[in-house]
Amino acid sequence: MPLQLPKSSWSTTELEDLRELSRSFLQKEAVPHQERWAAEKKVDRELWTKAGDVGLLCLSIPEEYGGGGGTFAHEAVLYEEQARAGDSAWGVTVHNGIVAHYLSAYASEEKKREWLPKMASGELVGAIAMTEPGTGSDLQGIKTRAVRDGDHYVLNGAKTFITNGLHAGLVVVACKTDPDAGAQGVSLIVVETDTPGFRRGRVLDKVGLKGQDTAELFFDDVRVPVANLLGDAEGQGFIQLMLQLPQERLIIAVTAVAGLEAAVDLTLEYTKERTAFGRPIFSFQNTKFTLAEAATEAAVARAFLDQCIERHLKGELDVQGAAMAKLWTTERVNKVVDDCVQLFGGYGYMTEYPIARAWADVRISRIFGGTSEIMKEIISRSL
């Protein structure tokens, strides 16, 4: 019997229908290909257009721009089902929940009508490029430079750890338009990847998330129209990032909690079927106590996550609240999945078992979107 938790307070009949659609799509189009995608370090490009065809892209973008017209709750349902399906390859959270929202919030009306319908159909895949080889969480320290030249910017620099880097048709690039102005010198500029001077580097070999096309990107005298600047003036990028990062961190929390729940379900099933010393592994006190703790972690994490989603739907989730959600849920999922691997014994270390892949996948959750240490720094500022 899987973990029994109450239905989320924000759930509706419409959302449960979307959940069924998401689950069936992922079971058909993602689950069977995990090993191949891991070997190839990328998903099939047509996965994006298939998702667009069934309406799973840009779920929370207004219908006038080709989106689904939904809310963050619609996105959360898709991300939960992706985590429960054990798919960590498809970069839909970045495309839907992050890039599309930067465009929706800050691009000009003309550019929104040009880019968002293509993202909703899967014709364009979105990526966001913040991290650089020499900078991690320090966004003020980025070196990528954009210099105004008439009605264009000329971009030079390098980015790394970029999700959807291989398939991306457009990239939101964090760069310095004024290198002497600190945070006030950061701007976000959209680069279409068919622009001369844009290069993709290698797809990176990661410990987990093996099927995700995480790549290096290079910008060598890339000429981008001034109209591709997000916002109505230079220097707004840092504020734009700060305003959007709470949703990114909530997305990470959503996938963490769903992954935690999935890990407990897998381990309950395994320990009740697997025997040792003539009886089910579940019957041993250590197993029962470990899973009792894990089930409690799942219930507490779910209750906190649901509260945060409700606040976000009302526009009330602040920077500190989102940081708490990311910190707590990612630390919890790492602990619980590690405990679950232990209960699988040697099989928990074999990559053909989903629990082993989950163990490798979840480790990054304490790093990307801002490390746990950065989350603590953000939270401490409100104390």
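If you check an unreviewed UniProt entry, the protein chain appears there as Acyl-[acyl-carrier-protein] dehydrogenase MbtN from Amycolatopsis mongoliensis. Quoted verbatim from the Function (unreviewed entry) field of the UniProt record, the comment on the protein chain reads "Catalyzes the dehydrogenation at the alpha-beta position of ACP-bound acyl chains. This results in the introduction of a double bond in the lipidic chain, which is further transferred to the epsilon-amino group of lysine residue in the mycobactin core by MbtK." A UniProt comment under Sequence similarities (unreviewed entry) is attached to the protein chain, and it reads "Belongs to the acyl-CoA dehydrogenase family."

1. Description of a nonpolar patch on the surface
Residues Tyr347, Tyr349, Met350 and Trp359 make up a contiguous nonpolar surface patch of about 430 Å² in total accessible area. By the element assignment, Tyr349 lies in the loop between helix 9 (319–344) and helix 10 (354–362). The class for Tyr349 is exposed, based on a relative accessible area of 60%.

2. Here's the deal with the environment of Phe72
Position of Phe72 among the secondary structure elements: in helix 4 (residues 72–84). Owing to a relative accessible area of 5%, Phe72 belongs among the buried residues under this scheme. As for Phe72 and Leu59, which are separated by 13 residues in sequence, their C-alpha atoms are 8.2 Å apart.

3. A short note on the packing of aromatic side chains
All told, the structure shown has 10 aromatic pairs when counted by the stated rule. Consider the rings of Phe25 and Trp90, whose centres lie 5.9 Å apart with planes at 45 degrees: the pair is tilted. Taken as a pair, Phe25 in helix 1 (residues 13–29) and Trp90 in the loop between helix 4 and helix 5 (92–106) lie far apart in primary sequence, 65 residues in all. For the pair Phe25 and Trp90, one class covers both residues: buried. Considering the side-chain rings of Tyr270 and Tyr353, the 6.4 Å spacing of their centres and the 90 degrees angle between planes classify their relative orientation as edge-to-face. Taken together, the positions of Tyr270 in helix 7 (residues 237–273) and Tyr353 in the loop between helix 9 and helix 10 put the pair 83 residues apart, joining distant regions of the chain.

The rules behind these values
- Residues numbered from 1 in each chain as written.
- Predicted model: local features only at pLDDT ≥ 70, side-chain atom pairs only at ≥ 80, totals over all residues.
- Heavy atoms only, no water.
- UniProt positions renumbered as here; feature names shortened; annotations may be inferred.
- Patch = residues over 30% accessible without salt bridge, like charges linked within 9 Å, V, L, I, M, F, W, Y side chains within 5 Å.
- Areas by Shrake-Rupley, 256 points an atom, 1.4 Å probe, with all protein chains shown as cover.
- Salt bridge = Lys/Arg side-chain N within 4 Å of Asp/Glu carboxyl O.
- Helix = DSSP H or I, 4+ residues; strand = E, 2+ residues; numbered from the N terminus.
- Buried < 20%, exposed > 50% of the residue type's maximum accessible area, 1.4 Å probe, protein only.
- Phe/Tyr/Trp six-rings, centres within 6.5 Å; stacked < 30°, edge-to-face > 60°.

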